[in-house]
Amino acid sequence: MCRPILFLLLCVTLQGSCGRRVENDLDRVRSVKVVTARDVGYVDRDFAGMSTADDATMLAFKLSGQVASVDVGKGDFVRRGELLAQLDPRDVELQVASDRSQFERATSQYERMRRLLERNAVSQQDVEAAEAAYVQARSKYENSRDLLAQTKLRAPFDGVIERTYVDAYQRVESGQTILRLVNPISTTVEFTMSEKSMSVLADSSSRYFVRFDNYPDLLFSARLDSYAKTASDASGFPVSLKLNKAELQGVSISPGMTCQVMIRTADNLAGEVEVPLTAIYAPAQGGTYVWVVDKESRVELRKVVLGELLGRDMVSIRQGLNSGDEVVTAGVYRLREGEQVKILNP
């Protein structure tokens, strides 16, 4: 008889203690951080990008020949007009000498014919023939002199040698790449975007910002430079931005630096509000909710319908939340319905 009575007493005691524990949990004040839900005024879209060279070119000789020397190496900084490489000029020099000799003879013959014409010793037709020979010889001589200049490859702008493709004494063909020259200072950023996002490029309200991994605390403004309306593969549509040069004082942006591109558009999502992603409560049993703090500083679980992602850390709410509601943004999985809270960031 004693055992059943003791069992009943134990059950009553446990039930009383459990009830008090639940009551104590609800009465306990938990500290939370909140954010005020606000209407969606703009949308941020993020893309991974990379800085590219403003000026870059593959340099080559305009004529065939044997490379006499490559006067620069990978990574060298060169000034505009500086000698980069040269061909063996001996064959071209012989051609220049021959063409100069012919040009001098044609010049002498033309001048002689003009003097004879003044004395009526030759016909006008003879003078015109001498003039044609003179013009032809001059053109050939000037062309060969230009070819001699082309045996020396010079830098078209200040830059860095990114790569060399040939060595000294190697024979090359006309147009064969000798080296690649790039401008080490970049104000261009390129990235790709999907077809469904291309409409923002035509929106005059769109604003462009760039944050480089090397300068995480700096946000640079940019302008749309160009974009392709067709994609050559499934990777997306290439887009190019130009950074604001005035904001680049004191920083060094070089080609190949990775960055984050943010496009901000003024989207009027009627009736939708935005909250941080950390405010979303998604229990294992399903559904999406947020914890709303009421006027008595108690939390209320509110079911919501999610919209689209806004930037990297915000999301729009289509239903279930109103502008001005205070929403818990941290520790959402530790709260309970009706629990008293203390707002850390009033």
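Read on for an overview of the structure. Owing to the predicted nature of the structure, the values given are computational and were not obtained by experimental measurement. (Residues numbered from 1 in each chain as written. Predicted model: local features only at pLDDT ≥ 70, side-chain atom pairs only at ≥ 80, totals over all residues. Heavy atoms only, no water.)

1. Structural notes on the environment of Pro238
Thought 1: Relative to the elements of secondary structure, Pro238 occurs in strand β16 (residues 237-243).
Thought 2: Once residues within four sequence positions are removed from consideration, Pro238 is found in contact with Phe191, Thr192, Tyr227, Ala228 and Thr230. (Helix = DSSP H or I, 4+ residues; strand = E, 2+ residues; numbered from the N terminus. Contact = heavy atoms within 4.5 Å.)

2. A few points about unusual backbone geometry
Trans peptide bonds make up most of the peptide bonds, and negative phi angles are found at most residues other than glycine.
Thought 1: Even without glycine at this site, Asn120 takes up a positive phi of about 60 degrees.
Thought 2: Looking at the secondary structure, you find Asn120 in the loop between α2 (90-118) and α3 (124-149).
Thought 3: Despite not being glycine, Ser297 has its phi angle at roughly 60 degrees, a positive value.
Thought 4: Residue position: Ser297 is located in the loop between β19 (289-293) and β20 (299-303).
Thought 5: We classify Ser297 as partly exposed; its relative accessible area is 24%. (Buried < 20%, exposed > 50% of the residue type's maximum accessible area, 1.4 Å probe, protein only.)

3. Here's the deal with the pattern of salt bridges
Thought 1: Scanning all chains against the criterion turns up 11 salt bridges.
Thought 2: Measuring nitrogen to oxygen at the nearest pair gives 2.5 Å for the salt bridge that ties Glu274 to Arg38. Taken as a pair, Glu274 in strand β18 (residues 273-276) and Arg38 in strand β3 (residues 38-39) lie far apart in primary sequence, 236 residues in all.
Thought 3: Overall, Arg38 belongs to the partly exposed group, its relative accessible area being 43%.
Thought 4: Residue Arg302 is joined to Asp325 by a salt bridge in which the shortest nitrogen-to-oxygen separation is 3.5 Å. In this pair, Arg302 is assigned in strand β20 and Asp325 in the loop between β22 (314-319) and β23 (326-328), connecting sequence segments 23 residues apart.
Thought 5: Bridged by salt links that share partners, the residues Glu300, Arg302 and Asp325 form one connected network. (Salt bridge = Lys/Arg side-chain N within 4 Å of Asp/Glu carboxyl O.)

4. Some remarks on the nonpolar core
Where a protein is soluble and globular, its nonpolar side chains tend to be buried together.
Thought 1: Of all hydrophobic cores here, the largest spans 31 residues; its most connected members are Leu84 and Ile178.
Thought 2: Only β8 (83-87), α2, α3 and β12 (177-182) provide two or more residues apiece to this core.
Thought 3: The greatest single-element share of this core, amounting to 7 residues, is contributed by α2.
Thought 4: The contact partners of Leu84, leaving out residues within four places of it in the chain, are Leu59, Val70, Asp71, Val72, Val78, Leu153, Arg154, Ala155, Ile161 and Leu179. (Core = buried A, V, L, I, M, F, W, Y, C linked by side-chain atoms within 4.5 Å.)

5. Considerations on the pairing of strand β14 (residues 207-212)
Thought 1: Here β14 shows one buried face, formed by Tyr208, Val210 and Phe212, and one open face, formed by Arg207, Phe209 and Arg211.
Thought 2: Pairing geometry for β14 and strand β17 (residues 258-265), over 6 bridges, is antiparallel. The partner of Arg211 across the bridge, within β17, is Gln260.
Thought 3: Bridge count for β14 against strand β15 (residues 220-227) is 3 bridges, and the pairing is antiparallel. From the neighbouring strand, Val210 faces β15, where its bridge partner is Phe220. (Pairing = 2+ DSSP bridges.)

6. A look at the pairing of β17
Side-chain positions along a regular strand alternate between the two faces of the sheet.
Thought 1: As paired strands, strand β4 (residues 43-52) and β17 are joined by 8 bridges and run antiparallel to one another. Looking at the pairing, Met50 lines up with Thr258 of β17.

7. A short note on the packing of aromatic side chains
Thought 1: Tallied over the full model, the rule gives 8 aromatic pairs.
Thought 2: Between the aromatic rings of Tyr281 and Trp291, the centroid separation amounts to 5.8 Å while the plane-to-plane angle is 35 degrees, which identifies the pairing as tilted. Of this pair, Tyr281 sits in the loop between β18 and β19 while Trp291 is found in strand β19, placing the two residues 10 residues apart along the sequence. Here the two residues Tyr281 and Trp291 agree in accessibility, since each one is buried.
Thought 3: Connected via pairs of aromatic rings, a cluster forms that spans Phe103, Tyr110, Tyr134 and Tyr141.
Thought 4: The lysine or arginine in question, Arg145, covers the ring of Tyr141, its NZ or CZ lying 4.8 Å from the ring centre. (Phe/Tyr/Trp six-rings, centres within 6.5 Å; stacked < 30°, edge-to-face > 60°. Lys NZ or Arg CZ within 6 Å of the ring centre and 35° of its normal.)

8. Concerning the side chain of Gln340
Thought 1: Its location among the elements puts Gln340 in the loop between β23 and β24 (341-343).
Thought 2: By relative accessible area, Gln340 is classed as buried at 18%.

9. Side note on the sheet that holds strand β9 (residues 152-154)
Thought 1: With antiparallel pairing, 4 strands are arranged side by side in an open sheet as β9-β8-β6-β11. One side of each edge strand has no neighbouring strand; the edge strands of this open sheet are β9 and β11 (171-172).
Thought 2: Where strand β6 (residues 65-70) meets β8, 3 bridges bridge the pair, whose relative direction is antiparallel. Paired with Val67 across the two strands is Leu87, which belongs to β8.

10. A few points about the side chain of Thr188
Thought 1: Along the chain, Thr188 falls in strand β13 (residues 188-193).
Thought 2: Leave out the neighbours within four places in its chain, and Thr188 touches Met50, Ser51, Thr52, Asp54, Ser240, Leu241 and Lys242.

11. Considering the packing of α2 against α3
Thought 1: It is the contact of α2 with α3, at a shortest axis distance of 8 Å, that shows an interaxial angle of 155 degrees. Relative to α3, the element α2 is oriented roughly antiparallel. Our pair here, α2 against α3, has a crossing hand that is left-handed. (Axes fitted to C-alpha atoms, helices over the stretch in contact; angles between N-to-C directions. Parallel < 35°, antiparallel > 145°, perpendicular 65-115°, else oblique. Left-handed = near helix turned anticlockwise from the far one by under 90°.)

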